[in-house]
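Residues per chain, in single letters:
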Amino acid sequence: MKLGVVGCAGRMGRMLLAEIGATPGCAIGGGTEQPGHAAIGGDAGALAGLEAVGIAVGDDPRALFEACDGVIDFTAPAVTVAHAELAAGTGTAHVIGTTGLDAAQEAQLAESAKTAPILYAPNMSVGVALVARLTELAAASLGPEFDIEVLEMHHRHKVDAPSGTALALGKAAAAGRGIDLEANADRVRDGQTGPRGEGRIGFATLRGGEVIGEHTVIFAGAGERIEIAHKAGDRRLFASGAVRAALWLRGKPSGLYSIQDTLAAS
Ligand code: NAD
């Protein structure tokens, strides 16, 4: 499967190129960066520390979508939405790991997925997909007397908060409780907040150093506390999950898929 990487000089982008190069059945189909980026013109394989593949990093995503069987995208929300429109135009499989999309941008992805297979996962880890399932189960099993809090920590470079994974875990908890997350989330607390509202789902965000990604869902009751936690120890885990998702997406009909869909089939 010929796979391209948009944003290929980013932290995840380089790792994705390396993972594609190391995965049997996959080949690097090219990479793009934003216009003016220093990586443009350099060899896509060399950028990832591999042998040269004879394909220069470009700045034309349309050409990349046309040339590849699938494109992997860990960039930024507005850029990702524009890429999904290109996927819709070419029918190319599009694997999206970008986080921080708002509801309108997610609706645009769903629109593009009418004419292309698109997999959108704020976290590509199988472990996190399992934690989401366990969270939903725990929320469904424990009554509203258990307060739900989602705590996350990431490296200092992260630009969105709470993390896409924290929000996905909040959504899983809300689904377990049969409530809407948006209407019940406390995403930030500051100053005279008053006591905690029953049934609310709280978020707390930590940023610092080079922490790859840590999430804990806490169910705090009167005399006991349950914690479900996941710690990512190597960013490569997200890259291998994304390449596996791309292989899974190959030949699928148009539609918007999640990482949970790939688990159900395995
Ligand atoms: P990064 O800033 O290192 O990389 C983003 C890259 O995208 C940069 O190289 C940037 O130049 C490039 N870019 C921006 N605009 C572009 C354009 N128009 N065309 C082509 N390239 C463009 O960030 P990162 O740490 O690699 O993370 C990227 C995204 O992936 C973030 O949203 C992050 O939260 C998310 N992420 C998701 C997962 C997951 O499992 N789903 C894991 C890690 C990171």
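Position numbers for residues count from 1 along each chain, tracking the sequence in the order it is written. Only residues with pLDDT of at least 70 get local features here, since the model is predicted, and only at 80 or more are side-chain atom pairs given and counted; chain-wide, interface and lining totals rely on the full set of residues. Each side-chain value is worked out from all heavy atoms of the structure, with water and hydrogens disregarded.

1. Digging into the site of the ligand
Then, number 1: Any residue with at least one heavy atom within 4 Å of a molecule or strand is counted as near it. Taken together, the neighbourhood of the ligand is formed by 21 residues, with R11, M12, E33, T99 and M124 sitting nearest.
Then, number 2: Two N or O atoms form a polar contact when they lie within 3.5 Å of each other; inside protein one atom must be a possible hydrogen donor and the other a possible acceptor, and for residues adjacent in sequence the pair counts only when both atoms belong to side chains. Separating an oxygen atom of the ligand from a backbone N or O atom of R11 is a distance of 2.8 Å.
Then, number 3: Interatomic distance of 2.6 Å between a side-chain N/O atom of E33 and an oxygen atom of the ligand.
Then, number 4: Note that accessible areas follow from Shrake-Rupley with a 1.4 Å probe, and for residues the cover is restricted to the protein chains shown. For the ligand, whose free accessible area comes to 870 Å², the fraction covered by protein is 80%.
Then, number 5: Per-class residue counts for the shell around the ligand are eight nonpolar, ten polar and three charged. By the convention adopted, Pro, Cys, Tyr, Trp, Phe, Met, Ile, Leu, Val and Ala count as nonpolar, Lys, Arg, Asp and Glu as charged, and the other residues, Gly among them, as polar.

2. What to know about the packing of helix 4 (residues 77-90) against helix 5 (residues 103-112)
Then, number 1: Comment: axis = line fitted to C-alpha atoms, over the contacting stretch for helices; angle = value between 0 and 180 degrees taken between N-to-C directions. Per the convention used, a helix needs a DSSP run of H or I reaching at least four residues, while a strand needs a run of E reaching at least two, with both numbered from the N terminus. For the pair helix 4 and helix 5, the least separation of the axes is 9 Å and the interaxial angle reads 15 degrees. Taken as axis vectors, helix 4 and helix 5 run roughly parallel relative to one another. Crossing hand, helix 4 versus helix 5: left-handed. Every residue of helix 5 that contacts helix 4 at P77, A78, T80, V81, A84, E85 and A88 is listed here: Q105, Q108, L109 and S112.
Then, number 2: In terms of residue class, the contact of helix 4 with helix 5 is built from six nonpolar, four polar and one charged. Orientation is classified from the angle alone, with under 35 degrees giving roughly parallel, over 145 giving roughly antiparallel, 65 to 115 giving roughly perpendicular, and any other angle giving oblique. Helix crossings fall into two classes, left-handed where the near helix is turned counterclockwise from the far one by less than a right angle and right-handed where it is turned clockwise. When checking whether two residues touch, look at their non-hydrogen atoms; a contact exists if any pair is within 4.5 Å.

3. Some points on helix 4
For an α-helix the count is 3.6 residues per turn, leaving residues at separations of three or four pointing the same way.
Then, number 1: To estimate the expected span of a helix, subtract one from its residue number and multiply by 1.5 Å. Over its 14 residues, helix 4 extends 20 Å from the first C-alpha to the last, a length consistent with the 20 Å expected when each residue adds 1.5 Å.
Then, number 2: Among all positions of helix 4, only T80, V81, H83, A84, L86 and A87 are buried.
Then, number 3: The inward-facing, buried residues of helix 4 contact strand 1 (2-6), helix 3 (61-67), strand 3 (70-73), strand 4 (93-96), helix 5 and strand 5 (117-120).
Then, number 4: Of the residues one or two after helix 4, G91 is the one with positive phi, at around 75 degrees. Only protein chains enter the accessibility calculation, which uses a 1.4 Å probe. A residue is then buried if its area is under 20% of the maximum for its type, exposed if over 50%, and partly exposed in between.

4. Section: the environment of K171
Then, number 1: Tracing the chain through its elements places K171 in helix 7 (residues 164-177).
Then, number 2: A sequence separation of 155 residues divides K171 from L16, and the C-alpha atoms of the two residues are 27 Å apart.
Then, number 3: If sequence neighbours within four positions are ignored, K171 has contacts with E106 and L181.

5. Quick notes on the side chain of H83
Then, number 1: Looking at where H83 falls in the secondary structure, it is placed in helix 4.
Then, number 2: For H83, a relative accessible area of 6% puts it in the buried group.
Then, number 3: If near-sequence neighbours (up to four positions away) are discounted, H83 is found in contact with V6, P61, F65, D73, T75 and H94.

6. Considerations on the pairing of strand 6 (residues 147-154)
Then, number 1: As judged from the seven bridges shared by strand 6 and strand 9 (residues 214-220), these two strands associate in the antiparallel manner. Looking at the pairing, E152 lines up with H215 of strand 9.
Then, number 2: Examined bridge by bridge, strand 6 and strand 8 (residues 201-207) share seven bridges and lie parallel to one another. Bridge pairing in strand 8 places I148 opposite I201. Two strands are counted as paired when DSSP detects at least two bridges linking them.

7. Things to note about the sheet that holds strand 3
Then, number 1: If you walk across this open sheet you meet the six strands as 2-1-3-4-5-11, and the pairing is parallel. A strand with exactly one partner marks an edge of an open sheet, and here the two such strands are strand 2 (27-32) and strand 11 (255-257). Pairwise comparison of adjacent strand axes, ignoring direction, gives a mean angle of 20 degrees for this sheet.
Then, number 2: Two strands pair when backbone bridges link them, and strand 3 and strand 4 are joined in this way by four bridges, in the parallel orientation. Across the sheet, the residue bridging to D73 is I96, located in strand 4.

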